Amino acid sequence: MCIFVDRFVKTSVFYFAFSRLFQIEIFAYHAAMKTISARTQTILGLIGYLFIGTAAVLLPSVMPSITKEFTAAGLTLAAISLIFPARAIGGLFGNLLAGIGSDRLGRGRLVWLAALLLATMLLLAAWTGQWWPLLVAIAAISGTQGALSTGINALVADANPETRARALNSLHGVYGIGAAISPLVIGALLQDGLPWRWALGGSGLIWLLYAGVAWWFSGDSTPHETKAKVATPFWRMLRHGPFLALFFIAFAYNGVAWSLLGWIALFMQQSAGFSTILSLSMISVFYVALTVGRFLCAAFAERAGYGRTLLVLALGIAVTYPLVVLSANPLVVAVGVFLTGLSLSGLFPMALAFGTRLYPAQAGAVSGVLSVAMTVGSMVPPLWTGIIAERWSFQTALGVNYVMVLPLIFIALYLVRGERLTYSAGYSL
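Note that the structure is predicted; figures quoted are calculated from it, not measured. (Residues numbered from 1 in each chain as written. Predicted model: local features only at pLDDT ≥ 70, side-chain atom pairs only at ≥ 80, totals over all residues. Heavy atoms only, no water.)

Quick look at the overall build of the protein chain
Stated formally: Helix numbers and strand numbers start at the N terminus; a helix is a DSSP run of H or I with at least 4 residues, a strand a run of E with at least 2. Partly exposed residues are those whose accessible area sits between 20% and 50% of the maximum for their type, while under 20% is buried and over 50% is exposed, using a 1.4 Å probe and protein chains only. We call two residues contacting when some pair of their heavy atoms lies within 4.5 Å. Computed with a 1.4 Å probe, the accessible areas rest on the Shrake-Rupley method; for each residue, only the protein chains presented here act as cover.
Counting its secondary structure elements, the protein chain contains 17 helices and two strands. A total of 429 residues make up the protein chain; the buried ones form 50% of that total. A fraction of 83% describes how many contacts in the protein chain between residues 6 or more apart in sequence connect residues 24 or more apart. Within the structure as shown, the protein chain displays about 20800 Å² of accessible surface, and the carbon and sulfur contribution to it stands at 72%.

Quick notes on the side chain of Ser149
We apply this condition: Identification of polar contacts relies on pairs of N or O atoms within 3.5 Å, with a donor-acceptor requirement for protein atoms, meaning one able to donate a hydrogen and the other able to accept it, and with residues adjacent in sequence counted only if both atoms are side-chain atoms.
Structurally, Ser149 can be placed in helix α6 (residues 131-159). A polar contact is formed between the side chain of Ser149 and the side chain of Tyr49, at a distance of 2.7 Å. Residues contacting Ser149, with those up to four places away along its chain left out, are Tyr49 and Ile52.

What to know about the packing of aromatic side chains
Short version of the rule: Side-chain rings of Phe, Tyr and Trp (the six-membered ring for Trp) are treated as a pair once their centres are within 6.5 Å; stacked means planes under 30 degrees apart, edge-to-face means over 60, and tilted covers the remaining angles.
Across all of its chains, the model carries 12 aromatic pairs by this definition. Ring centres of Phe51 and Tyr210 lie 6.2 Å apart, and the angle between their planes is 85 degrees; on these two criteria the pair is classed as edge-to-face. Taken together, the residues span a long stretch of sequence, with Phe51 in helix α1 (residues 2-56) and Tyr210 in helix α8 (residues 196-217) at a distance of 159 residues. Given the relative accessible area of 4%, Tyr210 is considered buried. Among the aromatic side chains, those forming a connected cluster through ring pairs are Phe51, Trp207 and Tyr210.

Details of a nonpolar patch on the surface
Note the cut-off: Residues with no salt bridge and a relative accessible area higher than 30% make up the patches, which join like charges within 9 Å and nonpolar side chains (Val, Leu, Ile, Met, Phe, Trp, Tyr) within 5 Å. Here a salt bridge means any side-chain nitrogen of Lys or Arg lying within 4 Å of a carboxyl oxygen belonging to Asp or Glu.
Together, Leu50, Ile177, Ile181, Leu184, Val185, Leu189 and Phe295 make up a nonpolar patch on the protein surface, roughly 600 Å² of accessible area in all. The dominant element in the nonpolar patch, judged by the number of residues it contributes, is helix α7 (residues 164-191), at five residues. Residue Ile177 is classed as partly exposed on the basis of its relative accessible area of 33%.

Concerning the packing of helix α12 (residues 306-326) against helix α14 (residues 347-358)
Counted only if it meets this: Axis lines are fitted to C-alpha atoms, over the contacting stretch for helices. Their N-to-C directions set the angle, which ranges from 0 to 180 degrees. Throughout this description, any angle smaller than 35 degrees is read as roughly parallel, any larger than 145 degrees as roughly antiparallel, any in the 65 to 115 degree range as roughly perpendicular, and the remainder as oblique. What makes a crossing left-handed is the near helix being turned counterclockwise from the far one by less than a right angle; a clockwise turn instead makes it right-handed.
Close contact between α12 and α14 brings their axes to 10 Å; oriented N to C, the two are set at 155 degrees. On the basis of their axis angle, the class for α12 and α14 is roughly antiparallel. The element α12 and its partner α14 pack so that their crossing is left-handed. Residues Tyr306, Gly307, Thr309, Leu310, Leu313 and Ile317 of α12 form the contact with α14, whose own contacting residues are Leu347, Met350, Ala353, Phe354 and Arg357.

Topic: α14
Two residues of an α-helix separated by three or four positions point the same way, owing to the 3.6 residues in each turn. Put simply, the test is: One less than the number of residues in a helix, times 1.5 Å, gives the span that helix is expected to have.
Between the first and last C-alpha of α14 there are 16 Å, a value that for 12 residues agrees with the 16 Å anticipated at 1.5 Å per step. Most of α14 sits inside the fold, with 12 of its 12 residues counted as buried. Within the sequence span of α14, burial applies to Leu347, Phe348, Pro349, Met350, Ala351, Leu352, Ala353, Phe354, Gly355, Thr356, Arg357 and Leu358.

Looking at the pattern of salt bridges
Here the structure, examined in full by the defined rule, presents one salt bridge. In this structure, the salt-bridge partner of Glu69 is Arg197, at a minimum N-O distance of 2.5 Å. In this pair, Glu69 is assigned in helix α2 (residues 58-72) and Arg197 in helix α8, connecting sequence segments 128 residues apart.

Here's the deal with the environment of Leu190
Within the element layout of this structure, Leu190 appears in helix α7. Residue class for Leu190 comes out buried when judged on its relative accessible area of 18%. Sequence separation between Leu190 and Ser61 is 129 residues, and the spatial gap between their C-alpha atoms is 8.9 Å. Discounting chain neighbours no more than four positions away, the residues touching Leu190 are Ser61, Val62, Pro195 and Trp196.

Things to note about α6
Along its 29 residues, α6 runs 42 Å from first to last C-alpha, staying within 8% of the 42 Å computed at 1.5 Å per residue. Across the 29 residues of α6, 25 count as buried, placing the element largely inside the fold.

A word on the environment of Ala389
Within the fold, Ala389 resides in helix α15 (residues 363-391). Under the relative-accessibility criterion, Ala389 is labelled buried at 12%. Measuring from C-alpha to C-alpha, the distance between Ala389 and Trp263 comes to 9.7 Å, with 126 residues separating the pair along the chain. Excluding residues within four positions of it along the chain, Ala389 makes contact with Phe394 and Ala397.

Now the structure itself:
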């Protein structure tokens, strides 16, 4: 009997020790998988945003070929210009619906679904020979591209909860690289005789491949159902003071940027007598500055603080933007364009980082709504810039946009003050 009890005790002790060791190994394995998953999500996001940068300038690159083909078929320029509001409407709906949807579907699932839809719409646009199906496909391309952008922003923000500013600024810096390189590649191919439909079809195949890769890794994404219990109600978030401040930052960023990008070439030709190639080079100068600035923000924002980084950027725009508007010296204007791009660079990524830190359970909704603000900013201020320029001058029109710059300083000060208030569940302002 004693021998039996002794063996039972030894066996029980051995089993308990083995089970504890096995449990520790399982926990360690899951921790390692979580680390790998975060790295995988970030890499997937960076590759996707590089492609999104190329996709953003795909339609402008093939626009001359589309115009030539359909005007030859009897379509007017007014009818062809419907492409632009179609893109804007598609982008608005895509960003908003994807933002809310990603908080329910999961980031990884939304990314591969949006990439698959984008590939389908690009292939449809390349295949159709009729105008109205092409217009619908272009609206859908903009919508799915916006959805994909929103999903990737949320995916990367979730994967880097302690370094959101670094991750999101790097993400948008990669976007700038794609946007800078792709027009050269697409332009060279089109110049060598590549049909514009092949360019769309080739992009569709690239996105189809990306969708497959994203689907393969989507199972590694962190589930978001566990966060739903602490999610702020959507409509309450929209009324929250800090979120409204971030909404204005996103609107002002794109309002100033697109007003400058859309009209700077013509402004430089009329006011400074720049040649066509020199005036268009201002756009490249701006994008180079935008990309450099985002990588600089990625390097320093975590140490400086999100609010302080926004304040430095706001002060930078307030000082450098007048160089573009007030000076007639070409060198001063070029420097002003570069410094303005540098100061604008981190505004949207920092707003995303700030917003997803405030509402970590709703990173998708934050990304979607701020992207809507950015889309509205790309539509309304460039419109009023053109109207004012026609009535007075481009210098006056671009100067009026300074009303979007000055409030950024006070908004940044408000966010700096609120950033100091913390509690165990996160950040509150």
